[in-house]
Amino acid sequence: MIKRALITGSSGLVGSETVRFLLRQSGWKVYGVDNNMRGKMFGQEASTLPELEKLVQEFPSTFIPVEADIRLPEQMTKIFKDYGPFDFIVHCAAQPAHEWSTNNSITDFQINAYGTMVVLECYRQYSPEAVFIQVSSSKVYGDSVNELPLVEYDTRFDLPEDHPMYEGVGEEMRLEGNLHSLFGASKACGDIMAKEYGTYFKLPITIFRPVCITGPAHKGAAIHGYLAYLVKCVAKGIKYTVNGYKGKQVRDNIHSFDLVSAFWEVFKKTPEPGTAYNIGSGRLSNNSILEALSQSEAILGKKALYEISPTTRRGDHIWCIYSAKKFRADYPDWKVTYDNNRLMEELCKSHES
């Protein structure tokens, strides 16, 4: 029997990776909800329409794109009624930019919080048997990680190797009592509501909290998609501006394929309703901005043009590496396949002419 999946934000980085992953398995039909909000918010360079066209060409009979807005209950209800019930739902659609949320707070909240609520309620009413993935964010923890005893090194801030969180931050990090950014707060609202729908209604919902997700399908723009945009700047000779911390701020970078393969493990064996996982590559794939610039220069054979601004973004992380220890304990077959070198080489290769 054909299984049905619903992917919101299906033309974005994680959404398109999920579409491809499922349709390379046998016996799936995937319905993708997208309306190219990225292009409207961040400009043409962030448009997801080229990725939509690729998906339609690759999977002409098994991928069904549906243009809709997750903030509109009537549109989402129609999708669930017309195409459901679904076996698998992955909610990727989001407003993803820290800085953009500051001056567009209502739209940010409508997408990340209210839009998530619309999707969850349609799920509960019309497709409650489906395995549901909520794609959340490390930003739900706010800037709690900045309280860790970080040490400044030549190219990065980092924890001492004997610190219990050296391998990465676990789910015990608190979600409140700190500064989030408006984006972080709106994502936390969606995260908490997804967890509540899972535990309150006993629905098979799992929440994933990654730091930075990337891959060659990432549409890097100046205010979103930091690593993809940084590589693009080096490749094309665009001046890159670093937001404070001397360029030594560190990020965990997980490839979209590795993230989606974690979704697949959950589909095959669901955890307790409302389970939340920190998910990342940890020590296998992370870098500071200075290190990412240096790596890009070495791989591309080009000199980076950049300046370091003394101004930091409010609520930004100085260091953020996540531990997937809890997820690995529950799913020991899951592995990170993109270490730092492989990930950076693939990003750089995507700019070869």
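Residues numbered from 1 in each chain as written. Predicted model: local features only at pLDDT ≥ 70, side-chain atom pairs only at ≥ 80, totals over all residues. Heavy atoms only, no water.

1. A few points about the sheet that holds strand S3 (residues 63-67)
Taking strand neighbours across the sheet as the criterion, the 7 strands line up as S3-S2-S1-S4-S5-S8-S12 in an open arrangement whose pairing is parallel. Unpaired on one side and paired on the other, S3 and strand S12 (275-278) mark the two borders of the sheet. Ignoring which end each strand starts from, the neighbouring axes of this sheet average 15° apart. Two strands pair when backbone bridges link them, and strand S8 (residues 205-209) and S12 are joined in this way by 4 bridges, in the parallel orientation. By the bridge assignment, Thr-206 is partnered in S12 with Thr-275. Contacts from helix H6 (residues 105-126) reach strand S4 (88-91), strand S5 (131-135) and S8, with the element oriented near 175° to S5. (Pairing = 2+ DSSP bridges. Helix = DSSP H or I, 4+ residues; strand = E, 2+ residues; numbered from the N terminus. Axes fitted to C-alpha atoms, helices over the stretch in contact; angles between N-to-C directions. Contact = heavy atoms within 4.5 Å.)

2. A few points about the pattern of salt bridges
Once the charged atoms of two side chains with opposite charge are near each other, the side chains can pair. For the structure shown, the criterion picks out 20 salt bridges. A salt bridge links Arg-71 to Asp-69, with the nearest nitrogen and oxygen atoms 2.8 Å apart. For the pair Arg-71 and Asp-69, one class covers both residues: buried. Note that Lys-248 and Glu-152 form a salt bridge whose closest N and O atoms lie 2.8 Å from each other. Pair noted here: Lys-248 is in the loop between strand S10 (240-243) and strand S11 (250-255) and Glu-152 is in strand S6 (residues 151-152), with a separation of 96 residues, a long-range link. Taking the relative accessible area as the measure of exposure, Lys-248 reaches 10% and is therefore buried. (Salt bridge = Lys/Arg side-chain N within 4 Å of Asp/Glu carboxyl O. Buried < 20%, exposed > 50% of the residue type's maximum accessible area, 1.4 Å probe, protein only.)

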